[in-house]
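Per-entry structural report
Given next are the chains, with one letter for each unit.
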Amino acid sequence: MAPSWTVGTEFAKRSNRDILTSKRFILRKRRNQVIASNSTSQKGRCLCGRVTFSVSAAPLGVGNCHCRSCQRATGAPFFTEAVFPYEALTIQGDLMQHTSIADSGANAHRAFCPHCGALMIAYGDNPEIVAVSVSAFDDPSPYAPQLDIWLSEAQPWVRLDPNTVKHEKSPKA
Ligand SMILES: [Zn+2]
Ligand SMILES: [Zn+2]
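Residues numbered from 1 in each chain as written. Chains lettered and ligands numbered in written order. Predicted model: local features only at pLDDT ≥ 70, side-chain atom pairs only at ≥ 80, totals over all residues.

So, on to the confidence of the model for the chain. Looking at the chain as a whole, the pLDDT averages 82, with 76% of positions reaching at least 70. The low-confidence segment residues 21–39 (pLDDT under 50) makes 14 contacts with residues lying over four places distant or belonging to another chain. (pLDDT = per-residue confidence, 0-100. Contact = placed C-beta atoms within 7 Å.)

Note that Ala58 resides in the loop between strand S2 (52–55) and strand S3 (61–65). In this structure the C-alpha to C-alpha distance between Ala58 and Val83, which are 25 residues apart in sequence, comes to 9.0 Å. (Helix = DSSP H or I, 4+ residues; strand = E, 2+ residues; numbered from the N terminus.)

Residues Leu89, Met120, Ile121 and Val132 are the most contacted members of the largest nonpolar core, which totals 26 residues. Residue assignment for this core shows that the elements contributing at least two residues are S2, strand S4 (79–85), strand S5 (89–92), strand S7 (107–112), strand S8 (119–123) and strand S9 (129–133). Ranked by residues supplied to this core, first place goes to S8 with five residues. Aside from chain neighbours lying at most four places away, what touches Ile121 is Ala111, Val130, Ala131, Val132 and Ser133. (Core = buried A, V, L, I, M, F, W, Y, C linked by C-beta atoms within 7 Å. Buried ≥ 20, exposed ≤ 12 C-beta atoms within 10 Å, placed from the backbone.)

For S8, the tally of buried residues reaches five of five residues, placing the bulk of the element in the interior. Summarising the sheet, S7 and S8 pair through four bridges and their orientation is antiparallel. For His109, the partnering residue across the bridge sits in S8 and is Tyr123. Count of turn residues in the S7/S8 antiparallel hairpin: six residues, of which Gly117 carries a positive phi of about 80°. Across two bridges, the pairing between S8 and S9 is antiparallel. Across the sheet, Ile121 pairs through a bridge with Val132, a residue of S9. (Pairing = 2+ DSSP bridges.)

Here you go:
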């Protein structure tokens, strides 16, 4: 399915940024409570450093997405993402959002630094969870992937970890 670009005008960009800003406000209100209840806070940043983030919880899961959209969005053969409850994530700095229709038919939102282009987070329409780029963490080493998804679109020269759980499409498909 051809992607449907829903962010192409200044108005759309501004409204998406407002959405991210309002989420950030909610997150800031909750931050003390979240961080106080968990000592596993991890930090990260984009390539240029204008966008920083921290997570205050362990990930719900870590996976490699091999879909063609993630390949194009990252410039890499797959996107390694750690999924967190949204309330565990605090972002500082402006992000720009791009939305496309995933091969599953659902909306796929990706937010990146507008200055350096680094992809930071990805999420669907479920506001409860967000996927953070593992490569953006200051220390990505704890986030070993347990899943490989969308292997139906994986490049044949990618060598897969034999220990991960593998899905031809998304885990729900
Ligand atoms: Zn940046
Ligand atoms: Zn993907």
